[in-house]
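Overview (structure and organization)
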Amino acid sequence: MNSPQKIALIMNQNCYSGREYLSHLKDIDIDVISIGKYPEFDKDEEKRCGNYWKPETEEALSQHFEFFNFESLKSNELEEFLLSKNYDIGIQGGTGILRPNIINLFKKGLLNFHPGDLPKYRGCSAPEWQLFDKKEIICSAHIIDTGIDSGAILAKKVLNIRLESYEYFRASIYPEVSKFVREIILSLLKSDILILNAISQDEDIAIYRDYIGYDRIQELKEILKLGS
């Protein structure tokens with residue numbers, strides 16, 4: 001599929017979520033901006049997901065995408081590269097905090113796919129908090145701004161999450177998010193209507209939720225174990 005829009009996915013080198021997104025976008029012309037030097041194997045992610053999540057390697061994905069590596073998000077070379085490329089749309093595939101000078105170099109927006117029902121579930125433990133609160137696991141596609149999970153929302157989707165165990169729960173999140181990423185990108189290739197109609201978040205009901213913590217994760221494990 002030849003895209004009339006210039007798209008880039010930006011991620012830390014070997015980031016699992018970014019690799020998962022790319023595996024669902026192979027037929028779309030997307031550049032990959034890789035930041036830093038990180039190992040292919042993430043022992044913390046593997047442990048959290050019980051070795052059930054195995055995204056394709058960057059080596060395999062390089063058969064479909066061109067990768068451009070930069071030392072850090074603060075490198076002058078990265079900013080110069082983005083200026084020269086003049087991308088329309090960006091996809092945040094797992095990086096550190098993005099500065100305004102990087103965010104603003106994507107003409108139509110830099111998109112984030114947050115596995116939480118925004119604005120009520122901001123923060124890195126949004127999936128766990130939704131599960132803890134007995135809510136559906138919802139992913140929110142939004143435009144990145146200078147806040148944390150605070151940009152205007154394009155669309156939301158209920159994720160089809162596995163609940164046999166906590167490990168299956170975590171392992172199933174980003175493969176499901178990736179399907180949503182594909183849906184949004186295909187829609188944007190046809191029309192800008194999602195971006196044009198993006199809805200600002202209601203800060204009056206916004207909740208930033210801290211890391212859920214070891215004790216609550218153990219409680220979730222027991223709940224899922226009893227329910228399986």
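Relevant structure appears above.
Residues numbered from 1 in each chain as written. Predicted model: local features only at pLDDT ≥ 70, side-chain atom pairs only at ≥ 80, totals over all residues. Heavy atoms only, no water.

**A short note on the overall build of the protein**
- Helices and strands together make up the secondary structure of the protein, namely 9 helices and 7 strands.
- Here the C-alpha radius of gyration of the protein, 17 Å, is about what a compact globule of 228 residues would show, namely 17 Å.
- Looking at the protein as a whole, 52% of its 228 residues are labelled buried.
- Considering only contacts within the protein whose residues lie at least 6 apart along the sequence, 68% involve residues at least 24 apart.
- Carbon and sulfur atoms make up 50% of the accessible area of the protein, which totals about 11500 Å².
- Treating the 28 positive side-chain charges of the protein as one cloud and the 36 negative ones as another, the clouds have centres 3 Å apart. (Helix = DSSP H or I, 4+ residues; strand = E, 2+ residues; numbered from the N terminus. Rg over C-alpha atoms; globule rule 2.2 N^0.38 Å. Buried < 20%, exposed > 50% of the residue type's maximum accessible area, 1.4 Å probe, protein only. Contact = heavy atoms within 4.5 Å. Areas by Shrake-Rupley, 256 points an atom, 1.4 Å probe, with all protein chains shown as cover. Lys, Arg positive; Asp, Glu negative; His and termini not counted. Charge placed at Lys NZ, Arg CZ, Asp CG, Glu CD.)

**Brief notes about the pairing of strand 6 (residues 138-143)**
- Most of strand 6 sits out of view: 6 of its 6 residues are buried.
- Of the two faces of strand 6, the one holding Ile138, Ser140 and His142 and the one holding Cys139, Ala141 and Ile143 are both buried throughout.
- In this sheet, strand 6 lies alongside strand 5 (residues 109-114) in antiparallel orientation, the contact comprising 4 bridges. Across the sheet, Phe113 pairs through a bridge with Ala141, a residue of strand 6.
- Bridging between strand 6 and strand 7 (residues 153-158) involves 5 bridges; their strand directions are antiparallel. Bridging from a neighbouring strand, Cys139 pairs with Lys157 of strand 7. (Pairing = 2+ DSSP bridges.)

**Structural notes on the nonpolar core**
- Residues Ile91, Leu111, Phe113, Leu154, Val177, Ile184 and Ile185 are the most contacted members of the largest nonpolar core, which totals 48 residues.
- Discounting chain neighbours no more than four positions away, the residues touching Ile184 are Leu111, Phe113, Ala141, Leu154, Ala155 and Leu194.
- Among the nonpolar cores identified, the runner-up in size contains 18 residues, and Ile33, Leu73, Leu105 and Phe106 belong to it. (Core = buried A, V, L, I, M, F, W, Y, C linked by side-chain atoms within 4.5 Å.)

**Some thoughts on the pattern of salt bridges**
- Summed over all chains, the structure comprises 15 salt bridges.
- The closest approach of N and O atoms between Asp88 and Lys107, which form a salt bridge, is 3.2 Å. Taken as a pair, Asp88 in the loop between helix 4 (76-85) and strand 4 (89-92) and Lys107 in the loop between helix 5 (100-103) and strand 5 lie far apart in primary sequence, 19 residues in all.
- On the basis of relative accessible area, Asp88 is assigned to the buried category, the value being 9%.
- Judged by relative accessible area, Lys107 falls into the exposed class, the value being 52%. (Salt bridge = Lys/Arg side-chain N within 4 Å of Asp/Glu carboxyl O.)

**Section: the sheet that holds strand 3 (residues 66-70)**
- Spatially, 3-2-1-4-5-6-7 is the arrangement adopted by the 7 strands of the open sheet, whose pairing is mixed. Only two strands of the sheet have a single neighbouring strand rather than two, namely strand 3 and strand 7. Put simply, the sheet's adjacent strands are angled 20° from each other on average, direction ignored.
- In this sheet, strand 3 lies alongside strand 2 (residues 30-35) in parallel orientation, the contact comprising 5 bridges. Counted as the bridge partner of Asp31 is Glu66 from strand 3.
- Strand contacts of helix 1 (residues 16-23): strand 1 (7-12), strand 2, strand 3, strand 4 and strand 5, with the helix running at about 150° to strand 1, the strand carrying the most contacts. (Axes fitted to C-alpha atoms, helices over the stretch in contact; angles between N-to-C directions.)

**As for the side chain of Ser17**
- For Ser17, the position within the fold is in helix 1.
- Looking at Ser17, the relative accessible area reads 10%, which means it is buried.
- In this structure the side chain of Ser17 is engaged in a polar contact, spanning 2.9 Å, whose partner is the backbone oxygen of Gly93.
- The contact partners of Ser17, leaving out residues within four places of it in the chain, are Trp53, Gly93, Gly94 and Tyr174. (Polar contact = N/O pair within 3.5 Å; in protein donor to acceptor, adjacent residues only side chain to side chain.)

**Remarks on the packing of aromatic side chains**
- Applying the stated criterion across every chain, the model contains 12 aromatic pairs.
- Here Phe81 and Tyr87 contribute two aromatic rings whose centre-to-centre distance is 6.4 Å and whose plane-to-plane angle is 50°, an arrangement assigned as tilted. Comparing Phe81 with Tyr87, the two get one shared label, buried.
- Note on Trp129 and Phe132: the rings are 5.9 Å apart at their centroids and 85° apart in plane angle, and the pair reads as edge-to-face. Of the two residues, Trp129 and Phe132 are both situated in helix 6 (residues 126-132); the distance of 3 residues between them amounts to about one turn of the helix.
- Note on Trp129: relative accessible area 13%, which makes it buried. (Phe/Tyr/Trp six-rings, centres within 6.5 Å; stacked < 30°, edge-to-face > 60°.)

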